[in-house]
There are 2 protein chains.
Amino acid sequence: MTDSVKYLLEESKAPKFWYNINADLPSPPPPPLHPGTKQPAGPDDFAPLFPMGLIMQEVSTEREIEIPEPVREIYKQWRPSPLYRARRLEKYLDTPAKIYFKYEGVSPTGSHKPNTAVAQAFYNKEEGVKKIYTETGAGQWGSSLAYAGQMFGIDIEVFMVKVSFDQKPYRKFMMQSFGAKCNSSPSSLTDFGKKLLDEDPSNPGSLGIAISEAVESTVKSNGEAKYSLGSVLGHVLLHQTINGNEAILQMEQAGDYPDIIVGCTGGGSNLSGLLFPFLGQQLRGGKKIDVIACEPLSCPSFTKGKYAYDFGDMAMMTPLVKMHTLGSSFLPPANHSGGLRYHGMSYHLSHLLDLGLIRAKAYGQKECFEAGVAFAKQEGIIPAPEGNHAVKGAIDAALECKKNGESKTILFNLCGHGHFDMSAYDDYFSGNLAEDKFDKQHVDEAISKLPEIS
Amino acid sequence: MTDSVKYLLEESKAPKFWYNINADLPSPPPPPLHPGTKQPAGPDDFAPLFPMGLIMQEVSTEREIEIPEPVREIYKQWRPSPLYRARRLEKYLDTPAKIYFKYEGVSPTGSHKPNTAVAQAFYNKEEGVKKIYTETGAGQWGSSLAYAGQMFGIDIEVFMVKVSFDQKPYRKFMMQSFGAKCNSSPSSLTDFGKKLLDEDPSNPGSLGIAISEAVESTVKSNGEAKYSLGSVLGHVLLHQTINGNEAILQMEQAGDYPDIIVGCTGGGSNLSGLLFPFLGQQLRGGKKIDVIACEPLSCPSFTKGKYAYDFGDMAMMTPLVKMHTLGSSFLPPANHSGGLRYHGMSYHLSHLLDLGLIRAKAYGQKECFEAGVAFAKQEGIIPAPEGNHAVKGAIDAALECKKNGESKTILFNLCGHGHFDMSAYDDYFSGNLAEDKFDKQHVDEAISKLPEIS
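Just so it is clear, the model here is predicted, and its values are computed rather than measured.

**As for the interface of chain A and chain B**
It is common to report an interface's size as the accessible area lost on association of the parts. Contact with chain A, which involves 46 residues of that partner, is made by 46 residues of chain B. Here chain A and chain B share an interface that buries about 4,100 Å² over both sides, 56% of which is from carbon and sulfur atoms. Summed over the three residues of chain A that lose the most area to chain B, namely Q77, S177 and H419 of chain A, the buried surface amounts to 14% of that side. Connecting chain A to chain B are 0 salt bridges. Counting the contacts that link chain A with chain B gives 21 residue pairs in polar contact (both at pLDDT 80 or more).

Structure, rendered in structure tokens:
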């Protein structure tokens, strides 16, 4: 009982580089296509939306990309995040497996999102951008970009999915605390939003709709504003690798190395951030890791989606990327894991699944909350509902080890705390948690509408 | 900009002792009295409520008390907590002062409370106690004892002030996540609660009432259960000194030492925990520190209360202690800082104020929220409303330094985050924050009812 449970890193040992998986992939992922011409999109095609610093990261093949000093200064407010050994959970499960988790809930907004928000705000600031539009589901991303904008003096305007705007207002107040403007989406501020409200004034909104509104606002700003995305794209995943770079050093401190890496996947940035630096070592001849991506049964893009070119948003304004998708017209059903309710997936992770370098599992939300509560009772941290998927995946892997008598080392990413999701826990305890349903008919329809790419 | 902003301590360097200020006080604080005989209370008088391990700590004069190894093991889940240098805030204020803060929001329940909850659960467990009753206002203490009980396998039953139980249910769900039972107070589970509900079925409850219900339940358990208090008493303050012991080492890392220490005060444990180890150094011949206790204008026991013997609860069941009090029959008005709404004060801090070793300031909640939002925008942490009082006190001290051109070192305790208090921030932003009022007539009445002690 006297062994360490927590591995910290001093500020002075914090990694100064992000890791770029493009440098080590056995083949590059299929390129994004222009939404109009359906030809490979070049940097100029992205220029109306993103600053060039981020666009060049999207296509870079340099293995290590230096983290600018002002970004590292802001990272210091919470990074390096701790690596924990879940010794009490191991004992509770009576497993020979060793369970480690990296805890991203220590950030200002309680999730991994600020890792890229701060970087994106910096590169926008560098190019003189004064305002950024974005979207948010339950608010993790919106509050993180609000924080980052505040750090660099950039105005942030967020389109927040209406149902969350109304029912989960706490992250909205957090955005306000960080000085950002937050609109309910669909809104009457955009043509797309107005069209939807005309058709149905009670439209509950979706991430796909909110992205469309943020992109439209950006395009209409005539170069005054840029757009920012909190997951899916390559530069977002790149910024998240600060977490895996730290974890490599912390696992060294622990004298251990993962056999299994587990993470939850919505757009993919949270798993990727922890995974890629380790996967890079594997691709350069290191140890093979069993990677388990955990997604919700109700929005299972990896396990039930099609690997095909699709749009990132509902209004079909974004570039097309090849990804595991349920179809951009698919509206994911209600689920407490707002951060996992997205029709598509990072094109990098989709490529890795296609190459057989990772595997995926889908879980129902009840079994995930059950795992999350067991974890909280042992480790004292109440996970975000999204993170409960990773907890469930890690517990399953540990119980598999118990069955087989194997003392494997499991590392999972706990993407955030559940402080703003306690009503979801109330639903769980009071038996009001909705059963997950996979709406096959709806998905089949949405997939049938996928753009045809020759 | 490349200097450190965060000072961590490795697990291996974590303090192994609590600091006991009784060893260094120039005179002992006046002793607690038995509520019936009004004679000094001995250990046996406390035995129905507390395990002997805690009672002996209350009267110990040993300077260093070893933290039991199982308690240190649990502390590792979040301790040592970080010490921050608020460099961005300094720059924003344009002050020559250096501002440091110790951040206790990293604990499982987001405040300093688990420092003593874990210790109390341990000593109860040692003596075979299977159940503990306690009270809670907004839920910081109840959730912390729930967590601690879960860690040591002790049943926890909490009486939660009704108005918070109904309006701020999130910490209630947290207690449930940690396996505790939570009752709305006043309840029909106790004679005192029933009496109050008969008189007024819509009684909103108060901390004084909830304490009475928890104490009554304990006494009626015939030795089966014990009671636990989250502030005020000597052993509680003792356990909180883990924070100051860490801060001494972290200030050494920073190569600095506080001229001024600031904390918010409700019952007093949060300021004491940071302060006492430094104050002990002063009392043993070290540097004189200017100590500023910050309390709410609406519940100003230090600045408007009387230094007199009083009960800790409304039903007058607890021992009498000499403290700055607004009268145990005083019902503090609504204020978002639930943790500061208590009629009395730690008898140790009251003694220190009486000796002139600390001073106190009262602040209104609007100016405290204003300070808290400015802090959040610079440092990325949204403070609990209670903590905003310390932030306000520290900012005031830093501006005083600016006025006088003094580069003093200010250290304040940020007792927790505001994740469960975002509706209070909403009230602030939307202009709905109630003006503080000091109800002099009500306080005068309550003070006139204080017990007469010869």
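**Looking at the domain arrangement of chain A**
All names here are of chain A. Looking at chain A, the domain boundaries give domain 1 (6–13 + 69–110 + 241–447) and domain 2 (18–65 + 113–228). In this structure, domain 1 and domain 2 have C-alpha centres spaced 22 Å apart. On the side of domain 2, 47 residues touch domain 1, which itself brings 48 residues to the contact. Together, the buried faces of domain 1 and domain 2 total about 4,200 Å²; carbon and sulfur atoms form 68% of this surface. It is T109, Y347 and F420 that lose the most area in domain 1 upon contact with domain 2, and together they represent 15% of the buried surface on that side. If you look at where domain 1 meets domain 2, you find 2 salt bridges.

**Let's talk about the pattern of salt bridges**
Pairs can form between side chains of opposite charge whenever their charged atoms are close. One pass over the structure, following the stated rule, counts 50 salt bridges over all chains. Taking the shortest distance from any N to any O, the salt bridge between E216 of chain A and K220 of chain A comes out at 2.5 Å. Linking E216 of chain A with K220 of chain A, this pair stays in helix α10 (residues 207–220), spanning 4 residues, or about one helical turn. We classify E216 of chain A as buried; its relative accessible area is 8%. In this structure K220 of chain A comes out as partly exposed when scored by relative accessible area, which is 47%. In this structure, E157 of chain B and K181 of chain B form a salt bridge, with 3.7 Å as the shortest nitrogen-oxygen distance. One end of the pair, E157 of chain B, is in strand β7 (residues 155–161); the other, K181 of chain B, is in strand β8 (residues 181–185), and 24 residues separate them in sequence. Judged by its relative accessible area of 45%, K181 of chain B falls in the partly exposed class.

**Thoughts on the sheet that holds strand β6 (residues 131–136) of chain A**
All names here are of chain A. The strand order β8-β7-β6-β9 describes an open sheet built from 4 strands, whose pairing is parallel. Of all strands in the sheet, those with a lone pairing partner are β8 (181–185) and β9 (225–227), marking the two edges. Neighbour-to-neighbour, the strand axes of the sheet open up by a mean angle of 25 degrees, direction not taken into account. Of the strand pairs in this sheet, strand β7 (residues 155–161) and β8 are connected by 5 bridges, and their pairing is parallel. Bridged to F159 within β8 is N183. Helix α8 (residues 170–177) rests against β6, β7 and β8 of the sheet, and its axis sits at about 170 degrees to β7.

**Side note on the sheet that holds β8 of chain B**
Residue and element names in this part refer to chain B. Strand order across the open sheet formed by 4 strands is β8-β7-β6-β9, with parallel pairing between neighbours. Each edge of the sheet is formed by a strand with only one pairing partner; in this case those strands are β8 and β9 (225–227). Pairs of neighbouring strands in the sheet enclose a mean axial angle of 25 degrees, with direction left out of account. In the packing of helix α10 (residues 207–220) onto the sheet, contacts are made with β6 (131–136), β7, β8 and β9, and the angle to β6 comes to roughly 165 degrees.

**Details of the packing of helix α5 (residues 114–126) of chain B against helix α11 (residues 234–254) of chain B**
Residue and element names in this part refer to chain B. One way to put it is that α5 packs onto α11 with a least axis distance of 8 Å and a crossing angle of 120 degrees. When the axes of α5 and α11 are compared, the pair comes out oblique. The element α5 and its partner α11 pack so that their crossing is right-handed. Residues N115, T116, A119, Q120 and Y123 of α5 pack against H235, V236, H239, Q240 and I242 of α11.

**Some points on the relation of the copies chain A and chain B**
Superposing chain A onto chain B takes a rotation of 180 degrees combined with a translation of 0.0 Å along the rotation axis, leaving an RMSD of 0.0 Å. When the rotation and shift are considered jointly, the pair of chain copies conforms to a two-fold rotation axis. Residues of chain A ranked by C-alpha distance from the rotation axis are headed by H419 of chain A, positioned 3.2 Å from it. Both copies share a contact surface, since 100% of the interface residues of chain A are interface residues in chain B too.

**Considerations on the environment of V232 of chain B**
Residues and elements named next belong to chain B. Within the secondary structure layout, V232 lies in the loop between β9 and α11. On a C-alpha basis, the gap between V232 and S269 in space is 6.3 Å, while along the polypeptide they are 37 residues apart. When neighbours within four sequence positions are excluded, V232 is seen to be in contact with L237, G267, Y342, M345, S346 and Y347.

**Describing a nonpolar patch on the surface**
A cluster of nonpolar side chains, M52, M56 and V59 of chain A, forms an exposed patch at the surface whose accessible area comes to about 250 Å². Considering the arrangement of structural elements, one finds V59 of chain A in helix α2 (residues 52–59).

**Structural notes on helix α15 (residues 365–379) of chain A**
Residue and element names in this part refer to chain A. With 15 residues, α15 extends 20 Å from end C-alpha to end C-alpha; this agrees with the ideal 21 Å at 1.5 Å per step. Those residues of α15 lying buried are Q365, C368, F369, A371, G372, V373, A374, F375, A376, Q378 and E379. Count one or two residues on from α15 and you reach G380, which has phi positive near 80 degrees.

Cut-offs and rules
Residues numbered from 1 in each chain as written. Chains lettered and ligands numbered in written order. Predicted model: local features only at pLDDT ≥ 70, side-chain atom pairs only at ≥ 80, totals over all residues. Heavy atoms only, no water. Contact = heavy atoms within 4.5 Å. Buried area = accessible area lost by both parts, 1.4 Å probe. Salt bridge = Lys/Arg side-chain N within 4 Å of Asp/Glu carboxyl O. Polar contact = N/O pair within 3.5 Å; in protein donor to acceptor, adjacent residues only side chain to side chain. Domains from an automatic or database assignment. Helix = DSSP H or I, 4+ residues; strand = E, 2+ residues; numbered from the N terminus. Buried < 20%, exposed > 50% of the residue type's maximum accessible area, 1.4 Å probe, protein only. Pairing = 2+ DSSP bridges. Axes fitted to C-alpha atoms, helices over the stretch in contact; angles between N-to-C directions. Parallel < 35°, antiparallel > 145°, perpendicular 65-115°, else oblique. Left-handed = near helix turned anticlockwise from the far one by under 90°. Least-squares fit on C-alpha atoms with pLDDT ≥ 70 in both. Patch = residues over 30% accessible without salt bridge, like charges linked within 9 Å, V, L, I, M, F, W, Y side chains within 5 Å. Areas by Shrake-Rupley, 256 points an atom, 1.4 Å probe, with all protein chains shown as cover. Expected span 1.5 Å × (residues − 1).

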